[in-house]
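Descriptive analysis of the structure
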Amino acid sequence: MAEPQVPTPRQPSSLLRRRAASFGYAFRGVWASLRTEVHLWFHAAATVVVVGLGLYCGLARWEWVAVALAVGAVWCAELVNTAIEAVVNLVSPEYHPLAGRAKDVAAGAVLVMALAALAVGLLIFGPRLWAELGW
Ligand SMILES: Nc1ncnc2c1ncn2[C@@H]1O[C@H](COP(=O)(O)OP(=O)(O)OP(=O)(O)O)[C@@H](O)[C@H]1O
């Protein structure tokens, strides 16, 4: 009878290397998306504007939390949408109603998150900008 395999304990250094490699793959994914997706450049520009406005308005800590979550969620939705598009293109390069639905739903997720982020932005920046403009 074959000896049962005793799992060898993971070496801390190889664990760390694997974690570092995973971060590398993740950054590579973000970078690849930035190079191919125009929408992400729009999100990047919007992020810079929102952070600048936040600094200008002197947001409170909880407001920064809301802004960071909103901005991060939009980026996250767009990246997941990009991943879904890539997989759909891979498995269904030809027209298929389900492929179309998958892409439409993924795009819908981005739209929903962008509208929610817009609401957060209006609630946080709206009153300040109104006051600033003297309305
Ligand atoms: N293989 C397919 N089968 C059926 N419909 C598709 C297919 N590929 C795309 N579509 C339809 O065309 C729409 C646009 O697809 P496309 O791949 O151009 O995405 P997009 O939203 O324009 O993304 P991007 O601008 O990031 O490339 C989809 O939302 C879907 O309705």
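Residues numbered from 1 in each chain as written. Predicted model: local features only at pLDDT ≥ 70, side-chain atom pairs only at ≥ 80, totals over all residues. Heavy atoms only, no water.

Going by the annotation in an unreviewed UniProt entry, the name recorded for the protein is Diacylglycerol kinase (ATP), with Hymenobacter luteus given as the source organism. The UniProt entry for the protein carries the following comment under Subcellular location (unreviewed entry): "Cell membrane". (UniProt positions renumbered as here; feature names shortened; annotations may be inferred.)

Okay, the UniProt feature "binding site: substrate" (unreviewed entry) in the protein next. The residues that UniProt annotates with the feature "binding site: substrate" (unreviewed entry) are Arg-18 and Glu-78. Across 61 residues of sequence, these annotated residues are also dispersed in space, with a maximum C-alpha separation of 26.2 Å. Positionally, Arg-18 belongs in helix H1 (residues 12–36). For Arg-18, a relative accessible area of 37% puts it in the partly exposed group. If you trace the backbone, Glu-78 turns up in helix H3 (residues 61–91). Residues in contact with Glu-78, not counting those within four places in the same chain, are His-39, Leu-40, His-43 and Val-110. (Helix = DSSP H or I, 4+ residues; strand = E, 2+ residues; numbered from the N terminus. Buried < 20%, exposed > 50% of the residue type's maximum accessible area, 1.4 Å probe, protein only. Contact = heavy atoms within 4.5 Å.)

Right, let's get into the packing of helix H2 (residues 38–57) against H3. It is the contact of H2 with H3, at a shortest axis distance of 11 Å, that shows an interaxial angle of 175°. The angle between the axes of H2 and H3 places the two elements in the roughly antiparallel class. Residues His-39, Leu-40, His-43, Ala-44, Thr-47, Val-50, Val-51, Gly-54 and Leu-55 of H2 form the contact with H3, whose participating residues are Trp-64, Val-67, Val-71, Val-74, Trp-75, Glu-78 and Leu-79. Taken together, the residues of the contact of H2 with H3 sort by class into 11 nonpolar, four polar and one charged. (Axes fitted to C-alpha atoms, helices over the stretch in contact; angles between N-to-C directions. Parallel < 35°, antiparallel > 145°, perpendicular 65-115°, else oblique. Nonpolar A, V, L, I, M, F, W, Y, C, P; charged D, E, K, R; others polar.)

Using the residue numbers shown here, the UniProt feature "transmembrane region" (unreviewed entry) corresponds to residues 40–57, 64–84 and 104–125. With 100% helix and 0% strand, the stretch residues 40–57 has end C-alpha atoms that lie 25 Å from each other.

Our focus in this paragraph is the site of the ligand. The environment of the ligand is made up of Glu-37, Glu-85, Ser-92, Glu-94, Tyr-95, His-96, Ala-99, Gly-100, Lys-103 and Asp-104. At a separation of 2.5 Å, an oxygen atom of the ligand approaches a polar side-chain atom of Asp-104. Contact with the protein chains covers 57% of the free accessible surface of the ligand, which is 610 Å². With four residues, helix H4 (residues 97–132) is the largest single contributor of residues to the shell around the ligand. In terms of residue class, the shell around the ligand is built from two nonpolar, three polar and five charged. (Near = heavy atom within 4 Å. Polar contact = N/O pair within 3.5 Å; in protein donor to acceptor, adjacent residues only side chain to side chain. Areas by Shrake-Rupley, 256 points an atom, 1.4 Å probe, with all protein chains shown as cover.)

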